[in-house]
Amino acid sequence: MSTLQQLPRHVDVVEVGPRDGLQNEAAAITLETKVELVERLAAAGFANVEAAAFVSPKWVPQMADSAEVMARIARRPGTTYSALVPNVRGMEAALAAGVGEVVVFSAASEAFAQRNINCSIAESIARFEPVAAMARDAGVRLRGSISCALGCPYQGAVAPAAVADVVRRMADLGCDDVDIADTIGVGTPGAVQAVFEACARVLPMQRLAGHFHDTYGQALANVLAALELGVASFHASVAGLGGCPYAKGATGNVATEDLLYMLHGLGLHTGVDLDAVVDAGTFISAALGRASHSRAGRALQLHRAETARG
Ligand code: HMG
Ligand code: MG
């Protein structure tokens, strides 16, 4: 039997465009645009939309209005609105905003942890302990995210064992799920499988997710490599928005439209309406004054226009 016939039948796609995507945009984006983007994505059927980040506005100015975004959105039952939280202060703001899942984030490389959150990996885990306790008390889901799991812009190569070690620390904190993030998009399918195999010795594959930036054009191949191992949760960014303010040159996550096109083409179920995501991608690209970075999004738009012309 082909390995493609043994893939997980349902795949969770976490839409991270409003957070990972917009955080890296230099242009001013209105509150109304952010709210409409989140609402369009929730309406498209994502079970989880990463909508905000309660981080220092000095570090990431674009996320400064996260509380307002959370306050304004019309919430859909069945959608979890998640947000990044770096410390207790951020957690207090996230809980006050009614976030359904908080994401604590560290790195597999010491150099990147210092640049992104201004502390060591061990210090970040210690900082997350009270955050995790607050999540438990409030009954809010806790997710962990590990940057530079496939390479670091400052340190270079990152060993799978180093990633697995941070997965273990995040599992000990009480994280429900842990994201394996290729922040700078350097991973290739064999390296991705090696990292997931190492991490799955610590936490079951069903609790690991792939967060692949597409800088080197490898993200879809990397998703397929992880799917083959049984990973069934992936992050994607509508219109391929984004990058990372602390990883120079990093481009956005795999575009959601491209990911859905591949998953649906494989006959896998996501519960997400691709057409509605294409519309959301067109909306945000127009608001940013540029073309969508999604190949499938652009092709589907063109196909629609040609069909309409007859
Ligand atoms: P610090 O400067 O070491 O900490 O930053 P601090 O405690 O000295 O705080 C500095 C200032 O920020 C102070 O203000 C604090 O009050 C304020 P001042 O006294 O100077 O006026 N502050 C806050 N304000 C609002 N909300 C807060 C908060 N905390 C402190 N929660 C800190 C340490 C962790 C706060 C900072 O480094 C930070 O916010 N970093 C966030 C960086 C970030 O958001 N990066 C992008 C997201 S991660 C990512 O994209 C990767 C991911 O996608 C996976 C992948 O692809 O790799 C998840
Ligand atoms: Mg990211």
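You'll find the structure just up there.
Predicted model only: the values in this text are computed from it and were never measured.

**Some points on helix α7 (residues 160-173)**
Between its terminal C-alpha atoms α7 stretches 20 Å, which fits the 20 Å expected from 14 residues at 1.5 Å a residue. Taken together, the buried positions of α7 are V163, A164, V166, V167, M170 and L173. One side of α7 holds all its buried residues, which, seen down the axis, span an arc of 165°. Within α7, the exposed residues directed more than 90 degrees away from the buried face are A161 and D172. Check the buried side of α7 and you find it contacts β4 (101-107), α6 (121-138), β5 (141-147), β6 (177-182), α8 (189-200) and β7 (208-212).

**Section: the site of ligand 1**
Residues in close proximity to ligand 1 total 26 residues, the closest being K58, R89, N118, S147 and T183. With respect to ligand 1, the backbone of S56 contributes an N or O atom lying 2.9 Å from an oxygen atom. Measuring from an oxygen atom of ligand 1, one finds a side-chain N or O atom of H213 at 3.0 Å. Among the secondary structure elements, those contributing two or more residues to the shell around ligand 1 are α1 (17-21), α4 (88-96), α5 (110-117) and β5. In the shell around ligand 1, the residues fall into 10 nonpolar, 11 polar and 5 charged.

**Regarding the pairing of strand β3 (residues 80-84)**
β3 sits mainly inside the fold: 4 of its 5 residues count as buried. Remark: the strand β2 (residues 48-53)/helix α3 (residues 66-72)/β3 crossover connection has right-handed handedness. Pairing analysis gives 3 bridges linking β3 to β4, with the strands arranged parallel. Bridge pairing links S82 to E101 in β4. The β-α-β motif built from β3, the intervening α4 and the parallel element β4 has right-handed crossover chirality.

**A look at the side chain of D182**
With respect to the secondary-structure elements, D182 resides in strand β6. For the buried D182, no salt bridge is present, and the opposite-charge side chain at shortest range is R19, 13 Å distant. Among residues more than four places away in sequence, those in contact with D182 are L150, G187, H211, F212, H213 and N222.

**Section: the packing of helix α11 (residues 274-288) against helix α12 (residues 295-309)**
Closest axis-to-axis distance for the α11/α12 pair is 10 Å, and the angle between their directions is 100°. Judged by the angle between their axes, α11 and α12 are roughly perpendicular. Each of L274, D275, V278, D279 and T282 in α11 lies in contact with α12, whose residues at this interface are G297, L300, Q301 and R304. Looking at the contact of α11 with α12 residue by residue, the class counts come to 3 nonpolar, 3 polar and 3 charged.

**What to know about the coordination of the magnesium ion (ligand 2)**
Around the magnesium ion (ligand 2), the protein contributes the donor atoms D20 (OD), H211 (NE2) and H213 (NE2), which lie 2.1 to 2.3 Å from the metal centre. Positions of the donor residues of the magnesium ion (ligand 2) along the chain correspond to the pattern D-x190-H-x1-H. Pair noted here: D20 is in helix α1 and H211 is in strand β7, with a separation of 191 residues, a long-range link. Judged by relative accessible area, D20 falls into the buried class, the value being 3%. Overall, the relative accessible area of 5% leaves H211 in the buried class.

**Observations concerning α5**
Within α5, the full set of buried residues consists of F112, A113, N116 and I117. Buried residues of α5 fall within an arc of 105° about the axis and therefore sit on the same side. Downstream of α5 by a residue or two, N118 has a phi angle that is positive, lying close to 60°.

**Description of the pairing of β5**
Of all 7 residues making up β5, 6 are buried, and the element is well covered by its neighbours. Across 7 bridges, β4 lies against β5 in parallel orientation. Residue pairing in the sheet places V102 in a bridge with L142 of β5. Pairing analysis gives 4 bridges linking β5 to β6, with the strands arranged parallel. By the bridge assignment for β6, S145 is matched with D179. This β-α-β element, β5 to α7 to β6, shows right-handed connectivity.

**Side note on the pattern of salt bridges**
Summed over all chains, the structure comprises 16 salt bridges. A salt bridge links D279 to R304; its shortest N-O distance comes to 2.6 Å. With D279 in helix α11 and R304 in helix α12, this residue pair connects regions lying 25 residues apart in the sequence. Residue D279 is classed as partly exposed on the basis of its relative accessible area of 32%. The network of salt bridges with shared partners includes R19, D20, E50, E101, R141, R143, D177 and D179.

**Description of the environment of I184**
Mapped onto the elements, I184 comes out in the loop between β6 and α8. Given a relative accessible area of 12%, I184 falls into the buried group. Remark: the alpha-carbon pair of I184 and G252, spanning 68 residues in sequence, is separated by 9.0 Å.

What counts and what doesn't
- Residues numbered from 1 in each chain as written.
- Chains lettered and ligands numbered in written order.
- Predicted model: local features only at pLDDT ≥ 70, side-chain atom pairs only at ≥ 80, totals over all residues.
- Heavy atoms only, no water.
- Helix = DSSP H or I, 4+ residues; strand = E, 2+ residues; numbered from the N terminus.
- Expected span 1.5 Å × (residues − 1).
- Buried < 20%, exposed > 50% of the residue type's maximum accessible area, 1.4 Å probe, protein only.
- Arc of directions from axis to C-beta.
- Contact = heavy atoms within 4.5 Å.
- Near = heavy atom within 4 Å.
- Polar contact = N/O pair within 3.5 Å; in protein donor to acceptor, adjacent residues only side chain to side chain.
- Nonpolar A, V, L, I, M, F, W, Y, C, P; charged D, E, K, R; others polar.
- Right-handed = clockwise from strand over helix to strand, strands pointing away.
- Pairing = 2+ DSSP bridges.
- Lys, Arg positive; Asp, Glu negative; His and termini not counted.
- Salt bridge = Lys/Arg side-chain N within 4 Å of Asp/Glu carboxyl O.
- Axes fitted to C-alpha atoms, helices over the stretch in contact; angles between N-to-C directions.
- Parallel < 35°, antiparallel > 145°, perpendicular 65-115°, else oblique.
- Donors = N, O, S within 2.8 Å, 3.2 Å for Na, K, Ca; no water.

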